[in-house]
Structures are given as C-alpha cells and as structure tokens.
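What follows is the residue order along each chain.
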Amino acid sequence: MIDHIQYFISIWPELFKGLAVSLELSVGALLLGLVIGLPMALMRTYGKGIVKAFAVGYIELIRGTPMIVQLFLIYYGLPDLGILLDRVPAAIIALGINSSAYQAEYFRGAILSIDEGQGLAAQALGMTKRQAILNIILPQALRLVIPPWSNEVIYMVKYTSVAFLIAVPELMARGKMIISQTFKPLETLFWVGVIYIIVLSIIAKVVDIIEKKLAIPGFQMSGED
Amino acid sequence: MAKPILRVENIHKKFKGTEVLKGLSLTVYEGEVVVIIGPSGTGKSTLLRCINRLTEPDSGDVYLEEQKIEPGKSNFSYIRQQIGMVFQDFNLFNHLTALQNVAIGPIKVKKMDKKKAYDLAMKELARVGLAEKAANYPAELSGGQKQRVAIARALAMDPKIMLFDEPTSALDPELIGEVLEVMKDLANAGMTMVVVSHEMGFAREAADRIVFLENGVVAEMGSPEKIFNNPEKERTREFISKITRLNSVAKGREVL
C-alpha cells in the first residue's frame, strides 16, 4: 500500500502538469463550442433558407464524423492548405468544433421547449422578434440547458484524452510517457483514472451549485407550471 | 358618436385550406367595451390575433386610430405597444417575478428608466390588487393572480385598447370572479376593450355591444339588451340560451 502511495507521489508532478493541460483544452474547447454552438442553434431554430440550411449542414456534418478524423484533419490536413497550427491550439479547435455541434443541439432543444406563448406575449408588448429571443426566450432556455450542458463538460474533460494522439502533453499522454519509463501500466493508469474521477466529481458538484443558484421556483426541465 | 379607435376591414384568414375569417369587418369606438361571442372554431381568437398581427391575415386591413397596422413598417412596434393583449393561458414570463413581468415592457420596448418602470409596475400591480405579490414568480401564483398580473403587464404599456382572448376559460370557477372584477373596473375607468368571452354575466354588465360571430363573419351585433332579450336571428337566440344554460350548470353559479 505504502509502495503504491509512494509511486503516486513520484508521478504526481508529471500527472499534474498533464491535468493542467487537459483542463486548458476543456475550457478552451467548451468556450469555442459555446461561441459557435449558440449562434448555430439560433440559426437552425429561427433561420430561414440558406441560413438554416447552413446550420443544419454544419451540425450534421460534425456530428456525423468521428472526432479523431476532425482532429487529424485539422492537425495533419490543414498544413496542406498552408495553415500550420501548434498542437494545443489544433486540439482546442478540433474539440471545440466537435463540441459546438452537440452544444447547438442542446441549445436548440432548450429553445424549442419554451412555450410558444412566451414569444407571443413578448411580441404583443411590442418587442421585436429579436428582443423577444434575447429578453424572454434565451434567459429561460439557458437555464434549461444547464443539465445537458453539464454532461457536455464532463464528456469534454474525458474527450481531451484523444489529444494525446497528436502528442499534446495532457493527462493521458503524460500517463503514457510515465509508463514507458516505469513499465507500470496498471498502477499508472489506475492513478490517471482516479484523477479523472475526482476532477469530474468536483465539476459535477460545481454545476449543481450553479444550477441551484439560478433556479427559479416552478421552472425546471420537467415540471413547467 | 365617439371616435373610432380600431377599424378591422374585410379580414380573410385561411388555415390549411379552411377559411376561418371570411371578410370580417368591425369598428370599435373609444371607451367602448365589445364582447365577442360565438361557437368554437368560428375565428374569435384568430380575429384578435389578426388585429395585432400575431397572426398574419391573408387579406384585409386593420387600423388603429387611422394608422394602418403593417408588419415591416417602421411604426409597427409602436402601434403594437398601444394594443394590450391578455391571453387565455396568461403567458406570463416564467423567469421573471410579477413585478419584472410588468416592468419589462416599459424597460425594453419603451426604453423607460428602470426605477421609473418599477414604480409604474408597482402601481399597475396595486391596481389589480397584487402589490404584495410583486416578488413572486408566476409558478407561485394562482391562475387568477397570474391573469391579473398579465392584465397589469398589458396596462403598463399604457395601451389605447385592450384585447382579451378568453381570459377566464383556463381558470378554475372560483378564480374567475377576481379577474372579471378587474376587467369591470377597467371598463368603468373608460378603457376601450375587445373581449372574447362566454362569461354572460360580464357581457350583460360590462359590454356596450355584443358581437355574435359565426362562420367567420359578424352574424349579429347589438346592445346586450337586444342580443340577450330580443335578437334578430334565431341562431343568436339558440346560442345565447345554450351558453347561459352551460354557464349556470357547469359552474354552479347564479347567472346574472
């Protein structure tokens, strides 16, 4: 037992650096996914013609192809077009684009779940459609989207491990490097797993607190009114 | 005669091939309370929605004080602000308190100063007897209270006319009275109102004119006196007696 703890202490500095990179990738990708995903959701929900078609095409294309293909395309493929990206930015862009399609669908689901009467009442007050979306629909939809969105956070932290395939030194990649030095795959991966679980539990708790803070009486995903 | 506030001219509206409104025309005068009755599916709600363009009519025009209501025109939002609307299912904004529900129109649409808007909202809530519920969210209010907040929300925009789309039909019988009281107060205060409702007691007491809509056109209209006691058409008489009976049976209340 003591041996195991000692082994963990010896590899922890290295794993910690990896964890920091994993979290950097997660935050970057989630933000990029949000910045692209929310407009895509609005375009798909309220857009017409080519605007809507573009959003649908984008979302379905991204959701319909493996993330690893997207990652390799951006890191190995783009240089052919003269676009050279460092490993970390390439990973953030690939993960972020992938996430944006899923986030768009979460946002769209939340927007569609808002009763049509909310928008009608806003327009009857004289709000434009844009004002109604910004002031009435989105504040409600964004609250409803927190539970599915927190799933996306948790997926993302785990998905960052694919970045090790383009040699980004994140948690999984550090684990792999340690294994090649210590020849202890079982113990090393055990501790890598433990770190993921602890971090994800903390994130889940934080999201839970945020959700409670923003909660409004009688206004939840399940029982409206 | 008072001056016309609202003029509906020859409105046609089809839904999926079925013509709901068939060239309907109606003029509402300042301070008048018009109650619209008629069988279900006859286009009462559609008429109200065509007035403030929540539904786009296929043809026909609507004028508010000689200003044509046209989506896309620069004054469209301004005209819409002056038409208050109260919905059957309240449609209070679920993420806002009663006070915020009433204040958001003046703040976002009229760009009113927030402090002023909240003062105004408080005044309007007091007017419908709900000042003490200002901090409550819609889910914490009864149906009758929700509808009163919805009325306050419309009043806060200082409308020239108020449209009521079956304001009491989603309410439990014991909650209907409080909403009708508020509406009667409004009528007494001189508000111009178009009310789609089958509350015959309210119609008899508060209406200046009753419009009987059938098959997408005005079948008959006149004073409550005439429509209730001496209608020209047999269909009107049948409908009135049916509704009056239903009102008293279903709700177990005395019909005025």
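Residues numbered from 1 in each chain as written. Chains lettered and ligands numbered in written order. Predicted model: local features only at pLDDT ≥ 70, side-chain atom pairs only at ≥ 80, totals over all residues. Heavy atoms only, no water.

**Q** Looking at this structure, how should I read the pattern of salt bridges?
**A** All names here are of chain B. Counting across every chain of the model gives 27 salt bridges over all chains. Across the salt bridge formed by lysine 184 and glutamate 205, the nearest N and O atoms sit 3.3 Å from each other. With a gap of 21 residues between them, lysine 184 in helix α6 (residues 173-188) and glutamate 205 in helix α7 (residues 200-206) connect regions that are remote in the sequence. Under the relative-accessibility criterion, lysine 184 is labelled buried at 15%. In this structure, the salt-bridge partner of glutamate 214 is arginine 235, at a minimum N-O distance of 2.5 Å. (Salt bridge = Lys/Arg side-chain N within 4 Å of Asp/Glu carboxyl O. Helix = DSSP H or I, 4+ residues; strand = E, 2+ residues; numbered from the N terminus. Buried < 20%, exposed > 50% of the residue type's maximum accessible area, 1.4 Å probe, protein only.)

**Q** I keep staring at helix α3 (residues 98-109) of chain B and nothing clicks. Help me out?
**A** Since there are 3.6 residues in each turn of an α-helix, residues three or four apart along the chain are aligned in direction. Residue and element names in this part refer to chain B. The terminal C-alpha atoms of α3, which comprises 12 residues, lie 18 Å apart, in line with the 16 Å expected from a rise of 1.5 Å per residue. Where α3 is concerned, the buried positions are Ala98, Leu99, Asn101, Val102, Ala103, Ile104, Gly105, Pro106, Ile107 and Val109. Lysine 111 occupies a position one or two residues after α3 and carries a positive phi of about 55°. (Expected span 1.5 Å × (residues − 1).)

**Q** So what exactly am I meant to see when it comes to the interface of chain B and chain A here?
**A** It is common to give the size of an interface as the accessible area that goes away when the parts come together. Across the contact, 25 residues belong to chain B and 23 residues belong to chain A. A buried area of about 2,100 Å², summed over both sides, lies between chain B and chain A, and 61% of it is on carbon and sulfur atoms. The three residues of chain B that bury the most area against chain A are B:Phe93, B:Asn94 and B:His95, which together make up 31% of that side's buried surface. Where chain B packs against chain A, one counts 0 salt bridges. Linking chain B to chain A there are 7 residue pairs in polar contact (both at pLDDT 80 or more). At the level of secondary structure, the elements contributing two or more residues to the side of chain B that touches chain A comprise α2 (76-81), β6 (83-86), α3 and α5 (143-155) of chain B. Considering each element in turn, the side of chain B that touches chain A owes the most residues, 4 residues, to α3(B). Each residue belonging to the side of chain B that touches chain A can be placed in one class, and the counts come to 11 nonpolar, 7 polar and 7 charged. (Contact = heavy atoms within 4.5 Å. Buried area = accessible area lost by both parts, 1.4 Å probe. Polar contact = N/O pair within 3.5 Å; in protein donor to acceptor, adjacent residues only side chain to side chain. Nonpolar A, V, L, I, M, F, W, Y, C, P; charged D, E, K, R; others polar.)

**Q** I tried to follow the nonpolar core on my own but got confused; where do I start?
**A** In summary, soluble globular proteins display a tendency toward joint burial of nonpolar side chains. Counting 53 residues, the largest nonpolar core has B:Val35, B:Leu125, B:Ile151, B:Met162, B:Phe164, B:Met183 and B:Met193 as its most contacted members. A total of 8 residues in this core trace back to one element, the largest contributor, which is α6(B). With sequence-adjacent residues up to four places away left out, B:Met183 is seen in contact with B:Ile151, B:Phe164, B:Pro167, B:Met193, B:Val195 and B:Phe202. Counting 42 residues, the second-largest nonpolar core is a separate cluster that includes A:Ile136, B:Ile69, B:Met157 and B:Leu163. (Core = buried A, V, L, I, M, F, W, Y, C linked by side-chain atoms within 4.5 Å.)

**Q** How do you make sense of the sheet that holds strand β4 (residues 59-64) of chain B when you look at a structure like this?
**A** Strands pair in a sheet through their backbones, by hydrogen bonds, and they do so in one of two ways: parallel or antiparallel. Residues and elements named next belong to chain B. Strands sit in the order β2-β1-β4-β5 across an open sheet of 4 strands; the sheet is antiparallel. Pairing within the sheet leaves two strands with one partner each, and these edge strands are β2 (18-29) and β5 (67-68). Where strand β1 (residues 4-15) and β2 come together, 9 bridges link them in antiparallel fashion. Looking at β2, one finds that phenylalanine 15 is bridged to threonine 18. Across the face of the sheet, helix α1 (residues 44-51) comes into contact with β1, β2 and β4 while running at roughly 120° to β1. (Pairing = 2+ DSSP bridges. Axes fitted to C-alpha atoms, helices over the stretch in contact; angles between N-to-C directions.)

**Q** How should I be thinking about the side chain of B:Arg209 in this particular structure?
**A** Residue and element names in this part refer to chain B. Within the fold, arginine 209 resides in strand β9 (residues 209-214). There is a polar contact of 2.5 Å between the side chain of arginine 209 and the backbone oxygen of threonine 27. Those residues in contact with arginine 209 that sit more than four places away from it in its chain are Leu26, Thr27, Val28, Tyr29, Glu32, Val33, Val34, Val35, Met221, Gly222 and Pro224.

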